[in-house]
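One letter stands for each residue in the lines below.
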Amino acid sequence: MMSERVHSKDVKAAVMRKLEERGVSLVDIAEIVLAMQSPYYPNLQIEQCIESVQKVLEKREMQHAILVGIELDVMAEKGMLSEPLQSLVTQDEGLFGCDETLALGSVLGYGSIAVTTFGHLDKHKVGIIKRLDTKVGNGVHTFLDDLIASVAASASSRIAHRLRDEEERGNP
Ligand code: MG
């Protein structure tokens, strides 16, 4: 049976609400983007990074990954998953890997800079990612930390490509 189609504006609103509920702001993500790209573009402003994060959050694939990941984190926090998944997600078991795979899937559309930046963020845990990854009585953020890395990596790649385009327009 066909049910009514979900409107994209409802999906976007849900993503923004869930991020806020989980303690993540656009500025938190934009700060990671700034840290990743300012070595290459010293004049880069936080406003440009916020705009890029907003654009990335408009992509359906990213929105869906965020909704799936946060849902699993929240259910794990409430003890609602079945074993052994409940323990794997709650313990943020290093070899679990589905959190990284889900997040990595949504950076692929932004090319190699997004992929390498995602790898860097996964390893070095910058800004809000580090705060989420700290496992002390802080809720379950097994999926969320990787998803934030994914949004930040995609927004970083988007900025790198746009600024190069702008430079080339200035110096044809
Ligand atoms: Mg994780």
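Refer to the structure above for everything that follows.
If you're wondering where the values come from, they're calculated on a predicted model, not measured in any experiment.

Student: Teacher, can you tell me more about the nonpolar core here?
Tutor: For soluble globular proteins, the rule of thumb is that nonpolar side chains tend to be buried together. Counting residues in hydrophobic clusters, the biggest one holds 41 residues, and the most contacted among them are Ile 29, Val 33, Ile 148, Val 151 and Ala 152. For this core, the secondary-structure elements that each account for two or more residues are helix H1 (8–21), helix H2 (26–37), helix H3 (46–56), helix H4 (60–77), helix H6 (98–107), helix H7 (111–124), helix H8 (128–133) and helix H9 (144–170). Residue contributions to this core peak at 10 residues, all from H9. When near neighbours in sequence (up to four residues on either side) are disregarded, Val 151 contacts Ile 29, Val 53, Val 56, Leu 57 and Met 62.

Student: What's the story with H4 in this structure? I'm lost.
Tutor: Since there are 3.6 residues in each turn of an α-helix, residues three or four apart along the chain are aligned in direction. Taking 1.5 Å of rise per residue, 18 residues should cover 26 Å, and H4 covers 26 Å from first to last C-alpha, within 8% of that figure. Contacts from the buried residues of H4 go to H1, H3, helix H5 (85–90), H6 and H9. Trailing H4 by a residue or two, Gly 79 shows a phi angle of about 70°, which is positive.

Student: For this particular structure, what's the right way to read H6?
Tutor: Looking only at H6, the buried set comprises Asp 99, Ala 103, Leu 104, Ser 106 and Val 107. End-on view of H6: buried residues confined to an arc of 160°, all on one side of the axis. In the core, the buried residues of H6 are packed alongside H4, H7 and H9.

Calculation rules
Residues numbered from 1 in each chain as written. Predicted model: local features only at pLDDT ≥ 70, side-chain atom pairs only at ≥ 80, totals over all residues. Core = buried A, V, L, I, M, F, W, Y, C linked by C-beta atoms within 7 Å. Buried ≥ 20, exposed ≤ 12 C-beta atoms within 10 Å, placed from the backbone. Helix = DSSP H or I, 4+ residues; strand = E, 2+ residues; numbered from the N terminus. Contact = placed C-beta atoms within 7 Å. Expected span 1.5 Å × (residues − 1). Arc of directions from axis to C-beta.

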